[in-house]
Amino acid sequence: MAFDATLGGSEATSYVSVARSDEIMDDTFKAEAWDALTDAQKQTALMAATSALNALKWNGDRCSPSSDDDDLEQALQWPRDETSCQGIAATCSLMPLPIETATCQLALQLHDNPNSIIGGSPESGTTGPVKRQKLGDLEQEFFEPGSGTEKVGSSAPIVLQKFPWLLDVIGCFYDGASSNTRLLLRVRS
């Protein structure tokens with residue numbers, strides 16, 4: 001699949017171009033890690049992040065038709081219109097910064113751990129409940145049940161279960177953001 005960051009394009013595969021991702025990541029603590037990647041690695045990571053985010057249910061309406069062919073629909077969920085979040089209106093001619101930022105930050109996370117969403121092979125030790133293994137004196141450490149899902153719930157899309165911080169970035173553009181709010185009641189004995 002070819003890398004295509006055409007806004008609203010009929011064959012788009014990324015929400016963010018490499019040049020735009022460089023601009024966004026330059027303003028983060030992860031700028032050095034992002035700069036260390038080749039353009040090909042950035043493209044692959046951005047397409048993987050876009051694919052994961054594209055599976056989410058978003059507020060608003062997909063723009064139609066595509067920006068490059070009046071006879072075709074746009075390939076991705078974004079851009080969208082008829083929605084806004086914290087004073088940022090979504091339009092068909094501009095990608096909201098929170099969506100771009102989420103794509104870039106997730107891209108780096110997925111580059112660093114490509115199996116984080118889809119899982120790894122049993123040989124790599126990245127599947128199942130085992131967090132750490134040690135052969136000498138035979139130690140094992142397991143993930144906590146529901147680890148990382150407290151904010152989003154175990155029925156949330158896998159990308160949000162694995163990276164719950166994404167909700168803070170994409171905010172109310174995500175259609176399920178408000179439904180995941182919980183009230184905690186503490187009782188003292």
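Above: the structure in question.
Residues numbered from 1 in each chain as written. Predicted model: local features only at pLDDT ≥ 70, side-chain atom pairs only at ≥ 80, totals over all residues. Heavy atoms only, no water.

Visitor: Could you clarify how one ought to interpret the state of the cysteines in this entry?
Guide: Any covalent bond linking the sulfur atoms of two cysteines counts as a disulfide. All told, the structure shown has two disulfides when counted by the stated rule. For the protein, numbering the cysteines in disulfides from first to last along the sequence yields the connectivity 1-3, 2-4. (Disulfide = S-S within 2.5 Å.)

Visitor: Even after reading the chapter, I still don't get the pattern of salt bridges, so can you show me in this structure?
Guide: Pairs can form between side chains of opposite charge once their charged atoms are near each other. Across all of its chains, the model carries four salt bridges by this definition. Where Arg20 meets Glu23, a salt bridge forms, and the shortest distance between an N and an O atom there is 3.0 Å. You can see Arg20 and its partner Glu23 sitting in helix α1 (residues 18–25), three residues apart, about one turn around the helix. Accessibility expressed as a relative area gives 28% for Arg20, which makes it partly exposed. Assessed through its relative accessible area of 46%, Glu23 is described here as partly exposed. Linking Arg20 and Glu100 is a salt bridge whose minimum nitrogen-to-oxygen distance equals 2.9 Å. One end of the pair, Arg20, is in helix α1; the other, Glu100, is in helix α4 (residues 97–112), and 80 residues separate them in sequence. The class for Glu100 is buried, based on a relative accessible area of 9%. Among the ionic contacts, a cluster of salt bridges with common partners joins Arg20, Glu23 and Glu100. (Salt bridge = Lys/Arg side-chain N within 4 Å of Asp/Glu carboxyl O. Helix = DSSP H or I, 4+ residues; strand = E, 2+ residues; numbered from the N terminus. Buried < 20%, exposed > 50% of the residue type's maximum accessible area, 1.4 Å probe, protein only.)

Visitor: I would appreciate a short explanation of the packing of aromatic side chains in the present structure.
Guide: One pair of aromatic rings is described through two measures. These are the centre distance and the angle between the planes. On inspection of all chains with the given rule, the structure shows four aromatic pairs. Measuring from centroid to centroid gives 5.4 Å for Trp78 and Phe173, while their planes differ by 90°, and the two rings are edge-to-face. Of this pair, Trp78 sits in the loop between β1 (61–62) and β2 (80–81) while Phe173 sits in the segment after α6 (166–170), and the two are 95 residues apart along the sequence. Comparing Trp78 with Phe173, the two get one shared label, buried. When the centroid spacing of 6.0 Å and the interplanar angle of 70° are considered together, the rings of Phe163 and Trp165 count as edge-to-face. Here a set of aromatic residues connected by ring pairs shows up, and it is made of Trp58, Trp78, Phe173 and Tyr174. (Phe/Tyr/Trp six-rings, centres within 6.5 Å; stacked < 30°, edge-to-face > 60°.)

Visitor: Just to check I follow, could you spell out α4 for this structure?
Guide: A turn of α-helix holds 3.6 residues, and therefore any two residues three or four places apart point the same way. Over its 16 residues, α4 runs 23 Å from end to end, which matches the ideal 22 Å to within 8%, given 1.5 Å per residue. In this structure, the buried side of α4 is in contact with α1, α2 (31–35), α3 (39–54), β4 (88–89), α5 (158–162) and α6. (Expected span 1.5 Å × (residues − 1). Contact = heavy atoms within 4.5 Å.)

Visitor: Help me understand α1 in this model?
Guide: Among the residues of α1, those classed as buried are Val18, Ser21, Ile24 and Met25. Here the buried residues of α1 occupy an arc of 120° about the axis, which is enough to place them on one side. (Arc of directions from axis to C-beta.)

Visitor: Looking at this structure, I do not really get the packing of α1 against α3. What am I missing?
Guide: For any two helices packed against each other, one specifies the inter-axial angle together with the distance between the axes. Contact geometry of α1 with α3 gives a least axis separation of 10 Å together with a crossing angle of 90°. Taken together, the axis directions place α1 and α3 in an arrangement best described as roughly perpendicular. Contact with α1, carried on its side by Val18, Ser21 and Asp22, involves Asp39, Lys42, Gln43 and Leu46 of α3 and no other residues of that element. Residues belonging to the contact of α1 with α3 are distributed by class as follows: two nonpolar, two polar and three charged. (Axes fitted to C-alpha atoms, helices over the stretch in contact; angles between N-to-C directions. Parallel < 35°, antiparallel > 145°, perpendicular 65-115°, else oblique. Nonpolar A, V, L, I, M, F, W, Y, C, P; charged D, E, K, R; others polar.)

From the geometry alone we can't say anything about function, so treat these as descriptive.
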